[in-house]
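Residues per chain, in single letters:
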Amino acid sequence: MKRHKDLLLHGNEACAMGALAAGMRLFAGYPITPSTEIAEFLSVELPKVGGTFIQMEDEISSMGAIIGASLAGVKSMTATSGPGFSLMQENLGFASMAEIPCVLVNVMRGGPSTGMPTRPSQGDVMQSRWGTHGPHPIIVLSPQSVLECYTLTIHAFNLAEKYRSPVIMLMDGIVGHMWENVQLPEKIEVIDRPEPSVPPDWYNPYDNLPGGEIVPLVPFGEGYRYHVTGMVHDKSGFPTLVHEEVEQCLDKLIYKIKNNLHDIIRIEDYMLEDADICIVAHGSVARSAREAVNIARNEGLKVGLLRPITLWPFPRFHLENISKRVKMFVVPEMNYGQVYGEVLKSCPKRAVRVTRVDGELVTPAQIMEKIEGAAL
Amino acid sequence: MIRTSETMYKYLRPDKTFPHVWCPGCGIGIVMGALVRAIEKTGFTKDEIVLVSGIGCSGRMSTYLDFNTLHTTHGRALSFATGIKLANPELNIIVVMGDGDATAIGGNHLIHSCRRNIDLTALIVNNNIYGMTGGQYSPTTPMEHKASTAQYGSIEKPFDICKLVEACGASFVARSTTYHAKMLDAMLSRAIAKKGFSVVEAMSQCPVQYGRRNKKGSPVDMMMWYKDNSVSNPAFKKIPPGEVGEQFPVGILVDIEQPDYLERYSKIVKKACGDKL
Amino acid sequence: MKQKNDDPIHIFSRWCKRCGICIAICPKNVLESGKDGYPYAARPRDCILCGLCDIHCPDYAITVKKNPDIKEVEHEET
Ligand SMILES: Cc1ncc(C[n+]2csc(CCOP(=O)(O)OP(=O)(O)O)c2C)c(N)n1
Ligand code: SF4
Ligand code: SF4
Ligand code: SF4
Ligand SMILES: [Mg+2]
């Protein structure tokens, strides 16, 4: 693929380009602000690279179609926003349960319900974790820049393939619609689906392998006939209600993520070494937070920033470690405090939140206000 | 003729528990037998077939048959199947759904699959009821018939599935019953071979949740009812409107040639690639 | 010349759910319900090997074995 250099892109476009670079060749979606540009871009570009674009009848079927495509061996993606994200939850759970790699982009807008279609938000942090029912694994990434919309989308596909799990790109409306001049990386790492290591008769798509090794998902049609279901299943994929098998099935789902936190979780820290106050912020808000750190440092306040790039699994251990050093946490978000709740759960230190739900950006000044108030 | 039982052993998954889960006399087993004979006739290998099913008694079919099988979510089977087809057009995809699955919760996907003319074969097992969940009324439960959620009789006008999908643009539409098991397999093999979206409605008795509540008698009685009330399509057209009663047409109702979704998509590819092709 | 097969019908009672469909569908009245409710071939010599019992059994529990010498009888359904 031709490398793009020094391009003026918006976040949604960069996300779509990242998907193409990762080898995504099927997109199924339903238009919704502020994610639609992803579908529009891919409807033009996918046919050029041998891929398929389809506009489905709704978000439920969009999610179904990308699961189907992935089962047939093609990397697939959908993109949506709030109301559509809600509609995708049942099939998202199917992808978690049946361990189907796929990427779902949710460009968050103001909610609940139709909310504020044209205004950004970070209101779906908890829904991205717990939106579908039952215990399930999920990986959620949050980019803060146009460049990251590109690189993290590639990363999302890699994680999806590696862990046979749906991965959510949770972008806020600001990041999705923001224009930036970016230089796309020359070299990227792309993980493709590995070949099965056993012949068909020996293949168990849901086997528990020693060391938590993940069984490669063989595409339908390659001679490995097996069963895929959203029901609790045994190692061969067939429904089971045998207690040990049920436990094994669900445990495996959770532990394939839990045992690989070191590989999955990405964070960024800024001026945290000597900080007394740690801001925890993600997405576009992290950019305001970084600015707030600079302002605070100028005023002689020891403030640093922890930015979870991986929102789920939540970087609990990082927070625990930092909490040993800092006096308090400040958590700015474009919601009433969803990451804030996780911070409280992760460590006993004092934490305050900076919330904003009016569809406007959390400003550095707003964060500073809390910091100065708290530092007194 | 291809006999079911002999052929069946070639396609049933030997490690599954038999007899299967369906109630005594349930028509779904007959429909599954017809499906297997139809596939056998088409000559496709097991690896070339993908069986996608929804949720319901009929959705259980996918567990028993030795193809690439996918048991999806309630009503959404067609959307999963669409993704598979687009990703690998070489695969022959059969989508088994119940009447509730296909026309209530999945009605939107059904009509749009017709409109798109995506090359899939939809097998709708119509037992006029929600079997799996205990006999609630479905979009095909006849007026005044009883269901666990229509104890006073249904007041909703039922769908005629074949008319519905015909109006939505399906390329092939056929209806048969469990009494006409042989006709059913003949239609299914044609539907599978057909390029474009095809729908086969299999009227199938649910003696337990539908029959019993509506005093339809034994499974045999229900099948005989199909025999007595089904009319070949040409003959059906000649019945004066006032005299139709409970009669319904069986046979191939629609069989038209039109470009399928992927054929149309290939035109997009040409346009998108411009001179490069 | 059509030949009659002595016992072409095999019932696999482990799978049979005693629904009676085979008995009712047989055009030659070959099958009957036994005391235990399972069908049995009461008049096997009348069997014309049409296979209707076989393809209408929901449980694949009844098989009509073809005798290679016998010409198939295709049965009209409608
Ligand atoms: C989203 C969702 N809603 C409801 C159900 C419960 N449910 C399972 S099967 C079914 C109805 C089945 O009826 P039908 O599709 O006609 O299939 P049948 O059992 O009659 O073959 C329902 C309502 C479900 N599984 N998922
Ligand atoms: S409930 Fe009805 S449809 Fe379901 S298995 Fe029993 S008879 Fe068949
Ligand atoms: S093959 Fe035909 S004639 Fe013989 S027992 Fe079966 S239904 Fe009767
Ligand atoms: S049709 Fe099949 S299950 Fe029913 S009685 Fe006959 S052999 Fe048994
Ligand atoms: Mg039904």
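This text follows the structure it describes.
Residues numbered from 1 in each chain as written. Chains lettered and ligands numbered in written order. Predicted model: local features only at pLDDT ≥ 70, side-chain atom pairs only at ≥ 80, totals over all residues. Heavy atoms only, no water.

Nonpolar side chains tend to gather and get buried jointly when the protein is soluble and globular. The biggest cluster of nonpolar side chains holds 154 residues, and the ones touching the most others in it are Leu42, Met77 and Ile279 of chain A. With ten residues, the top contributor of residues to this core is helix α6 (residues 146-163) of chain A. Not counting the four nearest positions on each side in its chain, Ile279 of chain A is found in contact with Ala289, Ala292, Val293, Val303, Gly304, Leu305, Leu306, Val330, Pro332, Ile367 and Ile371 of chain A. By size, the runner-up hydrophobic cluster in this structure holds 64 residues, among which are Tyr11, Leu12 and Ala191 of chain B together with Cys57 of chain C. (Core = buried A, V, L, I, M, F, W, Y, C linked by side-chain atoms within 4.5 Å. Buried < 20%, exposed > 50% of the residue type's maximum accessible area, 1.4 Å probe, protein only. Helix = DSSP H or I, 4+ residues; strand = E, 2+ residues; numbered from the N terminus. Contact = heavy atoms within 4.5 Å.)

Time to look at the coordination of the magnesium ion (ligand 5). Reference values for angles at a metal are 109.5 degrees in the four-donor tetrahedral case and 90 or 180 degrees in the six-donor octahedral case. Residue and element names in this part refer to chain B. Distances from the magnesium ion (ligand 5) to its protein donors, Asp99 (OD), Asn127 (OD1) and Ile129 (O), fall at 1.9 to 2.1 Å. In the primary structure, the donors to the magnesium ion (ligand 5) are separated according to the pattern D-x27-N-x1-I. With Asp99 in helix α5 (residues 99-105) and Ile129 in the loop between β4 (121-126) and α7 (161-167), the pair connects residues that are 30 residues apart, well separated along the chain. In this structure, Asp99 and Ile129 share a single accessibility class: buried. (Donors = N, O, S within 2.8 Å, 3.2 Å for Na, K, Ca; no water.)

Residue-level contacts link 34 residues of chain B with 29 residues of chain C. Between chain B and chain C lies a buried interface of about 2700 Å² when both sides are counted; carbon and sulfur atoms form 58% of it. Applying the counting rule to chain B against chain C returns seven residue pairs in polar contact (both at pLDDT 80 or more). Of the residues assigned to the side of chain B that touches chain C, the class counts are 21 nonpolar, nine polar and four charged. (Buried area = accessible area lost by both parts, 1.4 Å probe. Polar contact = N/O pair within 3.5 Å; in protein donor to acceptor, adjacent residues only side chain to side chain. Nonpolar A, V, L, I, M, F, W, Y, C, P; charged D, E, K, R; others polar.)

Looking now at the pairing of strand β12 (residues 277-280) of chain A. Residue and element names in this part refer to chain A. Along β12, one buried face is formed by Ile277 and Ile279 and the opposite face, lined by Cys278 and Val280, is buried too. Direction of pairing for β12 relative to strand β13 (residues 303-308): parallel, over a ladder of four bridges. What sits directly across from Cys278, in β13, is Gly304. Between β12 and its parallel partner β13, the chain crosses via helix α10 (residues 283-298), and the hand of that crossover is right-handed. With three bridges joining them, β12 and strand β15 (residues 328-333) adopt parallel strand pairing. Each bridged residue has a counterpart across the sheet, and for Cys278 the counterpart in β15 is Phe329. (Pairing = 2+ DSSP bridges. Right-handed = clockwise from strand over helix to strand, strands pointing away.)

Counting residues at the interface gives 39 residues for chain A, matched by 37 residues for chain B. Counting the surface chain A buries against chain B, the share from its top three residues, Glu57, Phe220 and Arg225 of chain A, is 22%. Where chain A packs against chain B, one counts three salt bridges. Counting every contact that joins chain A to chain B gives 17 residue pairs in polar contact (both at pLDDT 80 or more). Only β3 (52-55), α3 (59-71), α4 (82-98) and β10 (227-229) of chain A provide two or more residues apiece to the side of chain A that touches chain B. Top contributing element to the side of chain A that touches chain B by residue count: α3 of chain A, with eight residues. Among the residues making up the side of chain A that touches chain B, the classes are represented as 22 nonpolar, twelve polar and five charged. (Salt bridge = Lys/Arg side-chain N within 4 Å of Asp/Glu carboxyl O.)

Now for the sheet that holds β13 of chain A. Residue and element names in this part refer to chain A. Overall, mixed pairing links the five strands, which are arranged β11-β13-β12-β15-β16 in an open sheet. With partners counted over all chains shown, the strands left at the sheet margins are β11 (267-270) and β16 (350-355), one partner each. On average, adjacent strands in this sheet sit at an angle of 20° to one another, irrespective of strand direction. Sitting on the sheet, helix α12 (residues 338-346) touches β12, β15 and β16, and the angle it makes with β15 is about 160°. (Axes fitted to C-alpha atoms, helices over the stretch in contact; angles between N-to-C directions.)

Here the focus is the pattern of salt bridges. Inspection of every chain in the model, using the stated rule, returns 31 salt bridges over all chains. We note a salt bridge from Arg287 of chain A to Glu180 of chain A, for which the minimum N-O separation is 2.6 Å. Of this pair, Arg287 of chain A sits in helix α10 while Glu180 of chain A sits in strand β9 (residues 179-182), placing them 107 residues apart in sequence. With a closest N to O distance of 2.7 Å, Arg37 of chain B and Asp185 of chain B form a salt bridge. With Arg37 of chain B in helix α2 (residues 28-42) and Asp185 of chain B in helix α8 (residues 181-193), this pair connects stretches of sequence that are 148 residues apart. In this structure Asp185 of chain B comes out as buried when scored by relative accessible area, which is 2%. One salt-bridge network, in which partners are shared between bridges, spans Glu148, Glu268, Arg290 and Arg307 of chain A.

The interface with the highest contact count, out of two pairs of chains in contact, is the one between chains A and B. In this assembly chain A lies apart from chain C, the nearest approach of their C-alpha atoms being 21 Å.

Judged by side-chain charge, Arg264, Lys267, Lys270 and Lys271 of chain B come together as a positively charged surface patch. If you trace the backbone, Lys270 of chain B turns up in helix α12 (residues 261-273). (Patch = residues over 30% accessible without salt bridge, like charges linked within 9 Å, V, L, I, M, F, W, Y side chains within 5 Å. Areas by Shrake-Rupley, 256 points an atom, 1.4 Å probe, with all protein chains shown as cover. Lys, Arg positive; Asp, Glu negative; His and termini not counted. Charge placed at Lys NZ, Arg CZ, Asp CG, Glu CD.)

Here we take up the site of ligand 2. Every residue close to ligand 2 is listed here: Trp22, Cys23, Cys26, Ile28, Cys57, Asn127, Gly131, Cys206, Pro207 and Gln209 of chain B. Of the residues contributing to the shell around ligand 2, the split by class is seven nonpolar, three polar and no charged. (Near = heavy atom within 4 Å.)

Residue and element names in this part refer to chain C. Within the secondary structure, Leu49 is located in the loop between β3 (39-41) and α2 (52-56). Leu49 gets classed as buried once you look at its relative accessible area, which sits at 7%. The spatial distance from the C-alpha of Leu49 to the C-alpha of Val64 is 6.6 Å, given a sequence separation of 15 residues.

Residues Gln338, Val339, Tyr340, Glu342, Val343 and Ser346 of chain A constitute the buried set of α12 of chain A. In the core, the buried residues of α12 of chain A are packed alongside α5 (125-130), β12, β14 (310-312), α11 (316-325), β15 and β16 of chain A.

Within this model, the largest pocket holds a volume of roughly 950 Å³. If you go around the largest pocket, you meet 32 residues; those closest to its centre are Asp160, Arg175, Glu246, Gln247 and Phe248 of chain B. When residues of the lining of the largest pocket are traced back to their parent elements, those giving at least two are α7, β6 (198-203), α10 (219-229), α11 (233-238) and β8 (248-255) of chain B. Top contributing element to the lining of the largest pocket by residue count: α7 of chain B, with four residues. Elements that contribute at least two residues to the lining of the second largest pocket include exactly α5, α8 (243-258), α11 and α12 of chain A. A per-element tally of the lining of the second largest pocket places α8 of chain A first, with three residues. (1 Å grid on protein atoms, 1.4 Å probe; cavity = no way out; pocket = protein on both sides within 12 Å on 5 of 7 lines; lining within 4 Å. Points joined across faces, edges and corners; volume = space filled by probe spheres on them.)

Going from Gly111 of chain A to Pro112 of chain A, the amide bond is cis rather than trans, its omega being 0°. In this structure, Pro112 of chain A sits in the loop between β5 (102-110) and β6 (116-120). In this structure, Pro313 of chain A follows Trp312 of chain A across a cis peptide bond, with omega equal to -5°. Assignment of secondary structure puts Pro313 of chain A in the loop between β14 and α11. Phi angles above zero are rare outside glycine, and Asn128 of chain B is one such case at about 60°. Counting through the fold element by element, Asn128 of chain B comes out in the loop between β4 and α7. Here Asn128 of chain B falls in the buried class, since its relative accessible area comes to 10%. Backbone geometry at Glu144 of chain B places phi at a positive 75°, although glycine is not the residue there. Of note, Glu144 of chain B is situated in the loop between β4 and α7. The class of Glu144 of chain B is exposed, set by a relative accessible area of 68%.

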